[in-house]
Amino acid sequence: QVQLVESGGGLVQAGGSLRLSCAASGSIFSINAMGWYRQAPGKQRELVAAITSGGSTNYADSVKGRFTISRDNAKNTVYLQMNSLKPEDTAVYYCNADVRRSRTWDYQSYWGQGTQVTVSS
């Protein structure tokens, strides 16, 4: 199996920073895209940022210029540096990865358990 374990969430004041980490482990042959999604109460889950294995990135308009996604392929880990946080960034943040478990398998999407980020005004 494949596990994604997130860490780094918490409570921060508006204008502050947090860094989320997500480490993938288990039966992994290769990982394609990795990304961060978030879900606020009463809202749908939305893409925050994504990064390919080659380092190409994509961001939601609402976080451009404030959040930075990066990854360490050797550690199967993706990071999300969040600066200038706003109360509207409050949500549960989920890690996602497209993982191939062997050379003959297709990529499958896996999710972490989520980590709460709360930004106070």
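Just so we're clear, the structure is a prediction, and the values are computed from it rather than from any experiment. (Residues numbered from 1 in each chain as written. Predicted model: local features only at pLDDT ≥ 70, side-chain atom pairs only at ≥ 80, totals over all residues. Heavy atoms only, no water.)

## Some points on the sheet that holds strand β1 (residues 2-7)
The criterion, for reference: Paired strands are those between which DSSP finds at least two bridges. Elements are defined by DSSP. Helices are runs of H or I of four residues or more, strands are runs of E of two residues or more, and each kind is numbered from the N terminus. To define axes, lines are fitted to C-alpha atoms, for helices over the stretch in contact only, and angles between the resulting N-to-C directions are given on a 0 to 180 degree scale.
Taken in spatial order, the 4 strands of this open sheet run β1-β3-β8-β7, and their pairing is antiparallel. Either end of the sheet is taken by a strand with one partner, and the two such strands are β1 and β7 (67-72). Within this sheet the neighbouring strands show an average axis-to-axis angle of 15°, counted without direction. Alignment of β1 against strand β3 (residues 18-26), held across 6 bridges, turns out to be antiparallel. Paired with valine 5 across the two strands is alanine 23, which belongs to β3.

## Concerning the state of the cysteines
Note on terminology: disulfide describes a covalent bond linking the sulfur atoms of two cysteines. Just so we agree on the cut-off: Disulfides are defined in this document as cysteine sulfur pairs within 2.5 Å. Relative accessibility decides the category of a residue: with a 1.4 Å probe and only protein chains considered, values under 20% of the type maximum give buried, values over 50% give exposed, and everything between is partly exposed.
Following the criterion strictly, the structure yields 1 disulfide and no others. Here cysteine 22 pairs with cysteine 95 through a disulfide, and the sulfurs are 2.1 Å apart. The sign of the S-S torsion, about -80°, decides the handedness of the disulfide formed by cysteine 22 and cysteine 95: left-handed. With cysteine 22 in strand β3 and cysteine 95 in strand β9 (residues 91-100), the pair connects residues that are 73 residues apart, well separated along the chain. For the pair formed by cysteine 22 and cysteine 95, the shared burial category is buried.

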